[in-house]
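# Reading the structure
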Amino acid sequence: MKIPEYYIKKIVAPACENDERIISAFLKCPRNRFIDEAMQRLSFDDNALPIGYGQTISKPSTVAYMTYLLSVSEEDIVLEIGTGSGFQCGILASLAKFVYTVERIPQLSYRASLTLKKMHFKNIKFKVDNGHIGWEEFAPYDKIIATASSDEIPENLLIQLKIGGRLVIPIKDRIKIIDKLEDGIDIKDGENCRFVEFVK
Ligand code: SAH
């Protein structure tokens, strides 16, 4: 299946301020590869779609926007909470040095790992766990992204972030951009968004 032009031009590019590295990551990770056979023709619309187990793959504009907010460099070590389909993870792995990703539903984690291995990604490590506690073993991280929403900023994620690092997370229905500074944190508001709830 070919990636349609409108997907990049009308959905991805406007959501990431035309960031060329992000656009090429979207071209490297065709969204249909993360979506069930029966829903292939909906792959390039700007909608969330079911991926089983009551979960969804996020809207591509949301993935582009959150990736943009995270401002991932080639040297970054990234932690993602909520692997889901693996789509956001593939985008991050195209941009970063290494991605650690945690998912609480084993079947989703396993399927995402197969999908991403088939696409020849070698810079991703998967874990089945409650991501609320982060992933201590490889901390601290340059960037952390959560793809499920929380009522408050999970303390462990802040602890596992480097000083100078950034956490992007939906809190209730608002995306927050949290920078960890020498002497505390700086919190900015992003756009409103709908996400599945983060399970504590
Ligand atoms: N990034 C995913 C979006 C998946 S939706 C994608 O691109 O497809 C959010 C995911 O977070 C779901 O798969 C859900 O099972 C997972 N999740 C929810 N609470 C979690 C928790 N506490 N720890 C780890 N994963 C969690």
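Note: the structure precedes this text.
Only a predicted model underlies this, so the values are computations on that prediction, with no experimental measurement involved.

## So, the overall build of the protein
- Looking only at helices and strands, the protein features 6 helices and 9 strands.
- Summarising its shape, the C-alpha atoms of the protein cover approximately 50 × 35 × 30 Å along the three principal directions.
- Buried positions account for 52% of the 200 residues belonging to the protein.
- Pairs at least 24 residues apart make up 53% of the contacts formed inside the protein by residues separated by at least 6 positions.
- A total of about 9,900 Å² of accessible surface is found on the protein, and carbon and sulfur atoms cover 49% of it.
- Here the protein carries 27 positive and 28 negative side-chain charges, and the mean point of each set is 6 Å from the other.

## Re the pattern of salt bridges
- The tally for this structure, following the rule as stated, stands at 8 salt bridges.
- A salt bridge links K143 to D76; the shortest N-O distance between them is 2.7 Å. On the criterion of sequence distance, the pair formed by K143 in strand 6 (residues 141-146) and D76 in the loop between helix 3 (60-70) and strand 3 (77-81) is long-range, its members being 67 residues apart.
- Here K176 and D189 are joined by a salt bridge, their closest N and O atoms 2.5 Å apart. One end of the pair, K176, is in strand 8 (residues 174-181); the other, D189, is in strand 9 (residues 184-192), and 13 residues separate them in sequence.

## Points about the site of the ligand
- Around the ligand there are 26 residues in total, and S85, E103, N130, G131 and V199 lie nearest to it.
- One nitrogen or oxygen atom from the side chain of E103 is found 2.6 Å from an oxygen atom belonging to the ligand.
- Its free accessible area being 570 Å², the ligand has 99% of it covered by the protein chains.
- Ranked by residues supplied to the shell around the ligand, first place goes to strand 2 (residues 55-57) with 3 residues.
- Across the shell around the ligand, the residue classes break down as 9 nonpolar, 12 polar and 5 charged.

Cut-off values and rules
- Residues numbered from 1 in each chain as written.
- Predicted model: local features only at pLDDT ≥ 70, side-chain atom pairs only at ≥ 80, totals over all residues.
- Heavy atoms only, no water.
- Helix = DSSP H or I, 4+ residues; strand = E, 2+ residues; numbered from the N terminus.
- Buried < 20%, exposed > 50% of the residue type's maximum accessible area, 1.4 Å probe, protein only.
- Contact = heavy atoms within 4.5 Å.
- Areas by Shrake-Rupley, 256 points an atom, 1.4 Å probe, with all protein chains shown as cover.
- Lys, Arg positive; Asp, Glu negative; His and termini not counted.
- Charge placed at Lys NZ, Arg CZ, Asp CG, Glu CD.
- Salt bridge = Lys/Arg side-chain N within 4 Å of Asp/Glu carboxyl O.
- Near = heavy atom within 4 Å.
- Polar contact = N/O pair within 3.5 Å; in protein donor to acceptor, adjacent residues only side chain to side chain.
- Nonpolar A, V, L, I, M, F, W, Y, C, P; charged D, E, K, R; others polar.

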